[in-house]
Amino acid sequence: MSVVLGLDIGTTTITALAIDANSGQTIACHSVANNTQIIKPSTDPQGRSEWDATLILQRAADCLREVAQKLGARGSEVSGMGITGQQHGVVLVDQNLQCVTPYINWQDRRGELSASDLDGNHNTFIDFAHGLIGTNAQQRNGCQLATGYMGCTLAWLHHYDRLPSGDNTAAFIMDYVAATFAASRIVSSPSSAASSGIFDIHQQAWNLNAINALGLSSDIFPAIGKATDVLGTLSEEWATTMHLPEGIPVFVPSGDNQSSFVGTVTDSKTQLLINVGTGGQVAMYSEIAAYHPALEIRPFPLGGYLLVNAGLCGGRSFAELERFFATTIGEFTGSIPSESLFNQMCELASEVPAGSNGLRCSPLFTGTRSRPELRASWENVGLDNFTAGHLIRALLEGMARVFGDGYAMMKEVTGCEMTHIVCAGNGLRENALLRECVELELQLPLQITAAQEEASIGAAMIAAAGLESEG
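The rules behind these values
- Residue positions are given per chain, counted from 1 along the sequence in the order it is written.
- A pLDDT threshold of at least 70 governs which residues receive local features in this predicted model, and a stricter bar of 80 or more applies before side-chain atom pairs are shown or counted, although totals over entire chains, interfaces and linings include all residues.
- The side-chain numbers reported here are obtained from all heavy atoms of the structure, hydrogens and water having been left aside.
- Under the DSSP-based scheme used, a helix requires at least four consecutive residues in state H or I and a strand at least two consecutive residues in state E, with every element numbered from the N terminus.
- In this setup the radius of gyration rests on C-alpha atoms only. A globule is expected at 2.2 Å times the number of residues raised to 0.38.
- Each residue is assigned to one of three classes by its accessible area relative to the maximum for its type, calculated with a 1.4 Å probe on protein chains only: buried under 20%, partly exposed between the two thresholds, exposed over 50%.
- For the accessible areas, the method is Shrake-Rupley and the probe is 1.4 Å, while residue cover comes only from the protein chains on display.
- The salt bridge criterion pairs a side-chain nitrogen of Lys or Arg with a carboxyl oxygen of Asp or Glu, the two atoms within 4 Å.
- DSSP bridges decide pairing: two strands pair if at least two such bridges lie between them.
- Lines are fitted to the C-alpha atoms to define the axes, a helix being fitted only along its stretch in contact, and any angle between axes, read from their N-to-C directions, falls within 0 to 180 degrees.
- What sets the label is the angle itself: under 35 degrees gives roughly parallel, over 145 gives roughly antiparallel, 65 to 115 gives roughly perpendicular, and the rest give oblique.
- Only heavy atoms matter for contacts: two residues are in contact if any of them lie within 4.5 Å across the pair.
- Note that Gly is not counted as nonpolar here; it falls among the polar residues with everything else outside the nonpolar set of Ala, Val, Leu, Ile, Met, Phe, Trp, Tyr, Cys and Pro and the charged set of Asp, Glu, Lys and Arg.
- Here a cavity denotes grid points, spaced 1 Å and computed from the protein atoms alone, that fit a 1.4 Å probe unable to get out, and a pocket denotes an open set having protein on both sides within 12 Å along at least 5 of 7 lines; residues with an atom within 4 Å of a point are the lining.
- Grid points are joined across faces, edges and corners, and a volume is the space filled by probe spheres set on the points.
- Expected helix span is taken as 1.5 Å per residue step, with the number of steps being one fewer than the number of residues.
- A pair of Phe, Tyr and Trp rings is counted when the ring centres sit within 6.5 Å of each other, with Trp represented by its six-membered ring. The angle between the planes then sorts it: under 30 degrees is stacked, over 60 is edge-to-face, the rest tilted.
- The criterion is that NZ of a Lys, or CZ of an Arg, lies within 6 Å of the ring centre and within 35 degrees of the ring normal, and then a charge sits over that ring.

J.: Summarise the overall build of the protein chain; cite the residues concerned and give the values.
T.: Counting secondary structure elements, the protein chain contains 16 helices and 24 strands. For the protein chain, whose C-alpha radius of gyration is 22 Å, the value lies close to the compact-globule estimate of 23 Å for 471 residues. Each of the three principal axes of the protein chain carries a C-alpha extent, and together these read 65 × 60 × 55 Å. A burial count over the protein chain gives 55% of its 471 residues as buried. For the protein chain, the exposed surface amounts to about 19,000 Å²; the carbon and sulfur share of it is 48%.

J.: Give a detailed account of the pattern of salt bridges, specifying residues and quantitative values.
T.: Inspection of the entire model under this criterion finds 13 salt bridges. Between Arg110 and Glu50 there is a salt bridge whose closest N-O contact spans 3.3 Å. Of this pair, Arg110 sits in the loop between strand S8 (103-104) and helix H2 (116-119) while Glu50 sits in strand S5 (residues 50-51), placing them 60 residues apart in sequence. With respect to class, Arg110 is no different from Glu50; both count as buried. Residues joined by salt bridges that share partners form a network here, namely Asp20, Arg74 and Glu77.

J.: Break down the sheet that holds strand S4 (residues 37-39) for me, with residues and values.
T.: As a general point, the strands of a sheet are linked pairwise by backbone hydrogen bonds and lie either parallel or antiparallel. Strand order in the open sheet made by the three strands is S4-S5-S8, with antiparallel pairing throughout. A strand with exactly one partner marks an edge of an open sheet, and here the two such strands are S4 and S8. As defined by bridge partners, S4 adjoins S5 across two bridges and the pair is classed as antiparallel. In the sheet register, Ile39 faces S5, and the bridge partner there is Glu50.

J.: Please give an account of the packing of helix H10 (residues 256-264) against helix H16 (residues 454-470) that cites residues and values.
T.: Here H10 crosses H16 at 80°, and the two axes come no closer than 6 Å. In terms of orientation, H10 and H16 fall into the roughly perpendicular class. The segment H10 lies against H16, with Asp256, Ser259, Ser260, Val262, Gly263 and Thr264 engaging Glu454, Ala455, Ile457, Gly458, Ala459, Met461 and Ile462. A class-by-class count of the residues in the contact of H10 with H16 yields six nonpolar, five polar and two charged.

J.: Run through the layout of surface pockets, naming residues and quoting values.
T.: Approximately 1,000 Å³ is the volume attributed to the largest pocket. Considering the residues around the largest pocket, the lining is formed by 40 residues, among which Thr12, Asn275, Gly277, Thr278 and Gly425 are closest to the centre. Sorting the residues of the lining of the largest pocket by element identifies strand S2 (13-20), H10, strand S18 (280-286), helix H11 (315-333), helix H14 (426-429) and H16 as the ones contributing at least two each. Its residues placed into classes, the lining of the largest pocket shows eight nonpolar, 24 polar and eight charged.

J.: Can you explain the sheet that holds strand S24 (residues 446-448)? Please cite residues and give values.
T.: If you walk across this open sheet you meet the six strands as S19-S20-S18-S17-S23-S24, and the pairing is mixed. Looking at which strands have only one partner, the edges of the open sheet turn out to be strand S19 (296-299) and S24. Neighbouring strand axes in the sheet, compared pairwise and without regard to direction, differ in orientation by 30° on average. In the sheet, S18 pairs with strand S20 (residues 305-310) via six bridges, with the strands oriented antiparallel. Note on S20: the bridge partner recorded for Ala283 is Val308. In the packing of helix H13 (residues 388-414) onto the sheet, the strands contacted are strand S17 (271-276), S18 and S20, and the crossing angle to S18 comes to about 20°.

J.: An account of H13 is needed here, citing residue identities and associated values.
T.: In this model, H13 (27 residues) spans 40 Å end to end at C-alpha, consistent with the 39 Å of a helix rising 1.5 Å per residue. Of all 27 residues in H13, 20 are buried; the element is thus mostly enclosed. Directly after H13, the chain includes Gly415, whose backbone phi takes a positive value near 75°.

J.: An account of the packing of aromatic side chains is needed here, citing residue identities and associated values.
T.: Evaluated as defined, the whole model comprises ten aromatic pairs. Consider the rings of Phe199 and Trp206, whose centres lie 5.4 Å apart with planes at 85°: the pair is edge-to-face. In terms of burial, Phe199 and Trp206 fall into one category: buried. Ring pairs connect the aromatic residues Phe125, Phe128, Trp156 and Tyr160, which therefore count as one cluster. Between Arg110 and the ring centre of Trp156, over which it is positioned, the NZ or CZ distance is 5.2 Å.

J.: Any chance you could break down helix H1 (residues 53-71) for me, citing the residues and the numbers?
T.: Helix length check: H1, at 19 residues, gives a terminal C-alpha distance of 27 Å against a target of 27 Å (1.5 Å per residue), a fit within 8%. If you check which residues of H1 are buried, you get Ala53, Ile56, Leu57, Ala60, Ala61, Asp62, Cys63, Leu64, Val67, Ala68 and Leu71. Phi for Gly72, located one or two positions after H1, is positive at around 60°.

J.: Could you give me a rundown of empty space enclosed by the protein, with the residues and numbers involved?
T.: Applying the stated criterion across every chain, the model contains one cavity of 30 Å³ or more. Gly82, Ile83, Ala227, Phe251, Val252, Pro253, Ser254, Ala459, Ile462 and Ala463 are the residues that line the largest cavity. Here the lining of the largest cavity gets three residues from one element, more than from any other, and that element is H16. Residues of the lining of the largest cavity, tallied by class, amount to eight nonpolar, two polar and no charged.

J.: Mind laying out the pairing of strand S23 (residues 420-424), listing which residues take part and the relevant values?
T.: Buried residues dominate S23, accounting for four of its five residues. Where S17 lies against S23, five bridges are found, and the strand directions are parallel. Following the sheet pairing, Leu272 is matched in S23 by Ile421. Taken together, the three bridges between S23 and S24 define a ladder with parallel strand orientation. The partner of Val422 across the bridge, within S24, is Gln447.

Here's what the structure looks like:
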């Protein structure tokens, strides 16, 4: 075993890489933009977020082919492939692995639509779904069912007669890609399945009570396997397409949050992971499924659990403020800036003292998973802090406060304290002022890892662990 591949199917970017299994070093890497979205929730009356799954598959294959080309002669040393990707969403495929729906990802907002036609009240569909599955579901499932989760999306499609007929299987996007590469049936790992909102993390199996309550058939859900299990081997067709050795093991995919943790954290007992990309997440390892109503408990591919606070405020929050400034400039001058305002915004904010002269921001433009109705706000606006720099600094401090709140909950339920923060994601890596705000808020030193493709590195490391366990 010397070269192992990792593939990460992210919301923004798809990345493939190869690591030397002996040294752990990345020896080849290639990324492409995930520009496969068909319908955006911001422009659709129902808030749909739909993507072309077959095009995602092709983009993934393109990345792996580029990695194989960069490997050159070492391509023959490839001994396995690990795959990860964005969680929560769903694509339905038939028994021939042909997509019968678009990929509906985690940004889909249909669960927030009114369900008055279903229960006689003017509640949202997700409220209606919560009423069906009961109040104790979160402790069993590790998370509260939310808009954009596989369970909510499938339930919405079912209740409005949008589920395609036939013998179909619900798949996470990485499970669909892995099964296609290996010409295998769809298999999901607990680290992915738990993101559905209807998976029993204690039994490591689908929660049949919740599934039945939502009116769904258990037959639609995939088999469950460990992330260190071999799903199948790379088929001749895809090996030829990607210039990789035929027959290399393809492992059951894992969730991207857990893969990022594997690819970033070197000591799970002392290091807290904060991942800021489009959204933002705080994650801490726990040997037990320690429960807190505001935390998600996610099965860890190598045993144990991750406690996760997924606040949904991250790079998107900063981007929304940047969009506001750019739009305002355009309205006053008649010309929207052609270049990003990121650097200028950071410079303005850096001139503002810590605390933003009392200005406080809640940066939750799209709410939280438990309270999607929440919106962003700035409070304590006065004559001395009503400037662009103060607005920006207060937003960054608000993001840090959300991360700090998540860590406080984790300490409460585990009794454990970390000694360092490890950061992942470009939203934190590329914003020095946000890192400063996080260190001040959590009172912990922050480390930046040298590697930037944490999830794909983690996927490759999980595959390497699987190869090692096989002997």
